[in-house]
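# Chains, contacts and geometry: an overview
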Amino acid sequence: MGSFVTLVGNPRAGSRTRTVAEAAAEAVGRRIGHDGPGEVVDLAALGPHLLAPGPSAGVEVALELVAGADVLVVASPTYKASYTGLLKAFLDRLPGGALTGTTALPLLVMGDPRHALAVELHLRPVLVELGAHVPTPGLAVLEAQIPDLDEVLGRWADRVVPQVAGALGEGVRA
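Numbering of residues begins from 1 in every chain and follows the order in which that chain's sequence is written. Owing to the predicted nature of the model, reporting of local features is limited to residues with pLDDT of at least 70; listing and counting of side-chain atom pairs is limited to 80 or more, with chain, interface and lining totals taken over all residues. Side-chain measures were taken over the full set of non-hydrogen atoms in the model, leaving aside hydrogen atoms and water.

### Thoughts on the overall build of the chain
Put simply, DSSP H or I for four residues or longer makes a helix, DSSP E for two residues or longer makes a strand, and each gets a number counted from the N terminus. In terms of helices and strands, the chain carries six helices and five strands. Starting at the N terminus, the α and β elements of the chain follow one another as β-α-β-α-α-β-α-β-α-β-α. We compute the radius of gyration from the C-alpha atoms alone; for a globule the expected value is 2.2 Å times N to the 0.38, where N is the number of residues. Expected size for 174 residues packed as a compact globule is a radius of gyration near 16 Å; at 15 Å, the chain falls within 12% of this value. The principal-axis extent of the C-alpha atoms belonging to the chain is close to 45 × 40 × 30 Å. Under the scheme applied here, a residue whose accessible area is under 20% of the maximum for its type counts as buried, over 50% as exposed, and between as partly exposed, the area being computed with a 1.4 Å probe on protein chains only. Across the 174 residues of the chain, 48% fall into the buried class. In this analysis, two residues are considered to be in contact whenever any of their non-hydrogen atoms come within 4.5 Å of each other. Long-range pairs, those at least 24 residues apart, make up 82% of the contacts in the chain with a sequence separation of at least 6. Note on areas: Shrake-Rupley with a 1.4 Å probe; residue coverage comes only from the protein chains shown. Of the accessible surface of the chain, which amounts to about 8,000 Å², a share of 55% is contributed by carbon and sulfur atoms. Positive residues here are Lys and Arg, negative ones are Asp and Glu, while His and the chain termini are left out of the count. Note that the charge is assigned to NZ on lysines, CZ on arginines, CG on aspartates and CD on glutamates. Distance from the positive charge centre (13 side chains) to the negative charge centre (18 side chains) of the chain: 6 Å.

### A short note on the pairing of strand β1 (residues 4–8)
Of all five residues in β1, five are buried, a share of seventy percent or more. The two faces of β1 match: Phe4, Thr6 and Val8 on one face and Val5 and Leu7 on the other face are all buried. Judged from the five bridges that link them, β1 and strand β3 (residues 71–77) form a sheet pairing that is parallel. Bridging across to β3, Val5 finds its partner in Leu72. Here, any two strands with at least 2 DSSP bridges between them count as paired. Both β1 and strand β2 (residues 39–42) contribute to a ladder of four bridges, which runs parallel. Note that in β2 the partner of Leu7 across the bridge is Val41.

### Comments concerning the nonpolar core
Of all hydrophobic cores here, the largest spans 33 residues; its most connected members are Leu7, Val66, Phe90 and Leu127. Elements represented by at least two residues in this core include exactly β1, α3 (57–67), β3, α4 (85–92), β4 (103–110) and α5 (118–129). If near-sequence neighbours (up to four positions away) are discounted, Leu127 is found in contact with Val74, Leu99, Ala104, Pro106, Ala132 and Val134. Ala25, Val28, Leu153 and Ala157 belong to the second largest nonpolar core, which has 25 residues in total. Joining through side-chain atoms within 4.5 Å is the link that ties buried Ala, Val, Leu, Ile, Met, Phe, Trp, Tyr and Cys residues into a set, and such a set is a nonpolar core.

### A short note on the side chain of Ser15
Its location among the elements puts Ser15 in the loop between β1 and α1 (16–31). For Ser15, a relative accessible area of 1% translates into the label buried. What Ser15 contacts, discounting residues up to four positions off in sequence, is Val8 and Asn10.

### What to know about the pattern of salt bridges
Any carboxyl oxygen of Asp or Glu within 4 Å of a side-chain nitrogen of Lys or Arg constitutes a salt bridge here. Scanning the model with the defined rule gives 10 salt bridges in all. Residue Asp112 is joined to Arg114 by a salt bridge in which the shortest nitrogen-to-oxygen separation is 2.7 Å. Three or more residues are tied together by salt bridges with common partners; here these are Arg18, Glu22 and Asp42.

### Description of the sheet that holds β2
Pairing within the open sheet is parallel, and its five strands lie in the order β2-β1-β3-β4-β5. Every other strand in the sheet has two partners, leaving β2 and β5 (139–142) as the edge strands with one partner each. Across the sheet, the mean angle from the axis of one strand to that of its neighbour is 20°, orientation sign disregarded. Across seven bridges, the pairing between β3 and β4 is parallel. For every element, the axis is a line fit to its C-alpha atoms; helices are fit only across the contacting stretch, and the angle between N-to-C directions ranges from 0 to 180 degrees.

### Description of α5
For α5, which comprises 12 residues, the first-to-last C-alpha distance of 16 Å matches the rise-based estimate of 16 Å (1.5 Å per residue) to within 8%. Along α5, the positions that sit buried rather than exposed are Ala118, Val119, Leu123, Arg124, Val126 and Leu127. Buried residues of α5 fall within an arc of 160° about the axis and therefore sit on the same side. Away from its buried face, by an angle of more than 90 degrees, α5 presents the exposed residues Leu121 and Glu129. Immediately downstream of α5, the backbone of Gly131 shows phi near 100°, a positive value. How far a helix is expected to stretch is found by multiplying one less than its residue total by 1.5 Å. Along the arc lie the directions from the helix axis toward the C-beta atoms.

Any link to function would need more than the numbers given here.
Rendered as structure tokens:
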């Protein structure tokens, strides 16, 4: 089983977005036989370094982890009907094609169900542009669903695992 990485684009440390993202990665990972916790790249800690003029070892390590992932859960809260600028700034640091061979699972946490399409209209296209294989619909989690997160993620993982397992079985990573 290859590497499993969770990328969290919330500017606040200890966020609900991170909680949801890690639980989503665990739900999928368990079902496809991934043993052990995956890596987590939490951009809250890297935010001040993303736009700094000089190189940052922490940012470079995070970029390498994300680019090397076999499965990548990309999570953000919904800001202004899209994902965060922090996540965009990080993804902009990846070169074109950096996610080729990566199976990506986009996830947005939102307060209003009217923003549910943002995961498909905004987050999925940037991942595809970077070369990721996005075999499943993105996950839109309402903040009101967080108390029932195990149930929500269980239903979602049951639906997406066949596509993720298929992508991994086909050797999507070149």
